[in-house]
Amino acid sequence: MRAGFPELMAYLASRDASISGYPMSIYHKVNLKADRFQCDLAVPTEADIPAGEYVFKEAAAGRFLKVVLQGSYEFLELAWHVAYSHIHIRKYKVDSSQAALEVYENDPNQVASTNDVITALYIPLK
């Protein structure tokens, strides 16, 4: 992610793309025991951009549980566990046919402290 997002942002800048939302990771498959995941890095844009080395997709709408973490990325794993614990306690059902999202609502390089970093987690629900 440290390399992927700067590359993606540079690509969009080279195409004069207008960014219309926060950068995000879209998690398709997660295996916590093996510490493996399959995800896409994404940035919403307002206009069509000529195809190049990146793929353009539309995100599906739906019902999501949103959990907001204010603090360092080092606490993201804990935030995910809290979110899934909440789902379990409330007896919600996760929609595994849709991807979960990790949305980065500000840039950690542009805040005064890591305590000011905001990340929203979206878990699809049935």
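The paragraphs below set out a description of the structure included in this document. (Residues numbered from 1 in each chain as written. Predicted model: local features only at pLDDT ≥ 70, side-chain atom pairs only at ≥ 80, totals over all residues. Heavy atoms only, no water.)

What follows deals with the packing of aromatic side chains. For the coordinates displayed, the defined rule picks out seven aromatic pairs. On the numbers, 5.5 Å between centres and 65° between planes, the contact of Y27 with F37 is edge-to-face. One end of the pair, Y27, is in strand β1 (residues 24-31); the other, F37, is in strand β2 (residues 36-42), and 10 residues separate them in sequence. Consider the rings of Y27 and W80, whose centres lie 5.9 Å apart with planes at 80°: the pair is edge-to-face. Remark: W80 occurs in helix α2 (residues 76-90) and Y27 occurs in strand β1; sequence separation between them is 53 residues. (Phe/Tyr/Trp six-rings, centres within 6.5 Å; stacked < 30°, edge-to-face > 60°. Helix = DSSP H or I, 4+ residues; strand = E, 2+ residues; numbered from the N terminus.)

All right, on to α2 then. Relative to the 21 Å expected for 15 residues at 1.5 Å per residue, α2 spans 21 Å between its end C-alpha atoms, a close match to the ideal helical length. Residues of α2 that are buried: L76, A79, W80, A83 and I87. One side of α2 holds all its buried residues, which, seen down the axis, span an arc of 100°. Residues E77, L78, H88 and I89 are exposed on α2 and point more than 90 degrees away from its buried face. Residues of α2 that are buried sit in contact with β1, β3 (63-70), β4 (100-104) and β5 (118-125). Positive backbone phi, approximately 60°, marks K91, located one or two places after α2. (Expected span 1.5 Å × (residues − 1). Buried < 20%, exposed > 50% of the residue type's maximum accessible area, 1.4 Å probe, protein only. Arc of directions from axis to C-beta. Contact = heavy atoms within 4.5 Å.)

With respect to the helices, strands and loops of the structure, Q98 is situated in the loop between α2 and β4. According to the relative accessible area criterion, Q98 is partly exposed, its value standing at 21%. On a C-alpha basis, the gap between Q98 and K29 in space is 9.9 Å, while along the polypeptide they are 69 residues apart. In this structure, Q98 is in contact with A60, A61, G62, F64 and P124, ignoring residues within four places of it in sequence.

The computed volume of the largest pocket comes to approximately 1,300 Å³. Lining the largest pocket are 34 residues; nearest its centre among them are M1, Y27, L76, E102 and Y104. Contributions of two or more residues to the lining of the largest pocket are made by α1 (4-14), β1, β2, α2 and β4. In terms of residues, the lining of the largest pocket owes the most to one element, α2, which gives five residues. Reported here for the second largest pocket is a volume of approximately 800 Å³. Considering the residues around the second largest pocket, the lining is formed by 28 residues, among which I26, A42, F56, K57 and E58 are closest to the centre. Counting residues per element, the ones that place at least two in the lining of the second largest pocket are α1, β1 and β2. Of the residues belonging to the lining of the second largest pocket, the class tally is 19 nonpolar, three polar and six charged. (1 Å grid on protein atoms, 1.4 Å probe; cavity = no way out; pocket = protein on both sides within 12 Å on 5 of 7 lines; lining within 4 Å. Points joined across faces, edges and corners; volume = space filled by probe spheres on them. Nonpolar A, V, L, I, M, F, W, Y, C, P; charged D, E, K, R; others polar.)

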